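Coordinate inspection notes
Here is how the chains run, residue by residue.
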Amino acid sequence: MTSIKDWSLEHGPSGKLFQPVKNKADWATYKLTNQQIDTFWKDGFLNHIPLLSVDQCDAILKEYDIFMSENGPGEAELDLLYEFHRNQSGDVNNVLMHALGHWRLSPLFHDLVFLPSAVVKASQLLLPDREAKVRFWHDQLFAKPAKHGGVVAWHQDYSYWTRTQPMQHLTIHIALEDQTEENGTLEYIPGSHRWTRQGGPLPVLDFNFKDMEGIKKGEASIHHPLSVHGSYGNRSDKARRSAVLNYFADGTRSDTNEQLLKGSLVPKGEEMGSQLYPLVYDPEWFKDGK
Ligand SMILES: O=C(O)CCC(=O)C(=O)O
Ligand SMILES: [Fe+2]
């Protein structure tokens, strides 16, 4: 089998997606306001957070092509990916491509994980009482092709992640093209992050949703791990593709002796922190830069 470079071996940005931060004080330019932080804790999500330029989205979309092509990723790529579902629904009329682990395949997907405007905001939102050191958990691609793009069933992200404890996780969903009602924009139930079953996530069920106004290309929607969200199908004549970043606060531990992600074992009770879970931001990096 031909092997390809595993980008998870690089513990910082390569510089191919954005200019790495040089002056400590510059980290502050990526911060959310206190009002945005209050809205996040009230509603369980924040919408319309500009993260990428249109050019950055277009560059990432070029790398996205292998996930959308007839042939799909090759053997060497599949070996590095944690998961690849050409159509997670199994229904040819409702196609949903879903991948995890693409940050290991290419410099742009890799660097996205370290995006300063994402990781600084994650640091502010992971914990209710202080800024956190941020570790990368995993990435996801969700793509709905034109006309017959599938739904994403209503869910809370943490219902998929209880193998990592405690719950101090966050999702940053980046729209790589405009999301609208017609193409199946991401939707939430405001306040649903307070719905729990004895402190844990709800089972995955269908709910009634509040219609959302959609997010623009390059904007992110950031949500709490218990926020109930999902999306309808894509009936428009263009694809609807997004790139998702999942983080947890440093100190999160494995709660299983089974595989956490493909090829990753962290003994139960041990802190998550190997090459696959890099530290992407520490508030200390900014401290002397004020
Ligand atoms: O793309 C979608 O509609 C679903 C995305 C999602 O579940 C997420 O970002 O956590
Ligand atoms: Fe989700």
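The text that follows walks through the structure, step by step, so that each part is easy to find. Note that the structure is predicted; figures quoted are calculated from it, not measured. (Residues numbered from 1 in each chain as written. Chains lettered and ligands numbered in written order. Predicted model: local features only at pLDDT ≥ 70, side-chain atom pairs only at ≥ 80, totals over all residues.)

Scanning the protein chain for helices and strands turns up six helices and 13 strands. Looking at the protein chain as a whole, 40% of its 290 residues qualify as buried. (Helix = DSSP H or I, 4+ residues; strand = E, 2+ residues; numbered from the N terminus. Buried ≥ 20, exposed ≤ 12 C-beta atoms within 10 Å, placed from the backbone.)

Moving on, we come to the pairing of strand β9 (residues 219-223). In terms of burial, β9 is a largely internal element, four of the five residues being buried. Here four bridges tie strand β1 (residues 45-50) to β9, and the two strands are oriented antiparallel to one another. Bridged to leucine 46 within β9 is isoleucine 222. Bridge analysis of strand β7 (residues 169-175) against β9 gives four bridges, and the strand direction is antiparallel. Paired with isoleucine 174 across the bridge in β9 is alanine 220. (Pairing = 2+ DSSP bridges.)

What follows covers the site of ligand 1. The local shell around ligand 1 consists of Phe142, Val152, Asp157, Thr171, His173, Leu186, His229, Ser231, Ser242 and Val244. If you list the elements that add at least two residues to the shell around ligand 1, you get β7, β10 (229-231) and β11 (240-249). (Near = placed C-beta within 6 Å.)

What follows covers the sheet that holds strand β5 (residues 152-155). Ordered by their spatial adjacency, three strands build an open sheet running β5-β10-β8, and the pairing between neighbours is antiparallel. Every interior strand has two partners, whereas the edge strands, β5 and β8 (187-188), have only one. Bridge analysis of β5 against β10 gives two bridges, and the strand direction is antiparallel. What sits directly across from histidine 155, in β10, is histidine 229.

Ranked by size, the top nonpolar core spans 62 residues in total, and within it Leu112, Val119, Ala122, Val134, Ile172, Ile174 and Tyr247 carry the most contacts. If sequence neighbours within four positions are ignored, isoleucine 172 has contacts with Ala118, Ala122, Ala220, Ile222, Val244 and Leu245. (Core = buried A, V, L, I, M, F, W, Y, C linked by C-beta atoms within 7 Å. Contact = placed C-beta atoms within 7 Å.)

Glutamine 165 connects to proline 166 through a cis peptide bond whose omega is -10 degrees. Here histidine 48, not a glycine, exhibits a phi torsion of approximately 60 degrees, which is positive. Along the chain, the position of histidine 48 falls in strand β1. You will see that lysine 147, though not glycine, has its phi angle at about 70 degrees, which is positive. Examined against the element boundaries, lysine 147 turns out to sit in the loop between β4 (134-144) and β5.

Attention now moves to the environment of alanine 25. If you trace the backbone, alanine 25 turns up in the segment before α1 (34-43). Assessed through the 12 C-beta atoms surrounding it within 10 Å, alanine 25 is described here as exposed.

Okay, the pairing of β11 next. Most of β11 sits out of view: 10 of its 10 residues are buried. The alternating pattern of β11 places Arg240, Ser242, Val244, Asn246 and Phe248 and Arg241, Ala243, Leu245, Tyr247 and Ala249 on opposite faces, both of which are buried. In this sheet, β11 lies alongside β4 in antiparallel orientation, the contact comprising 10 bridges. Paired with valine 134 across the strands is alanine 249, a residue of β11. As defined by bridge partners, β7 adjoins β11 across seven bridges and the pair is classed as antiparallel. By the bridge assignment, isoleucine 172 is partnered in β11 with leucine 245.

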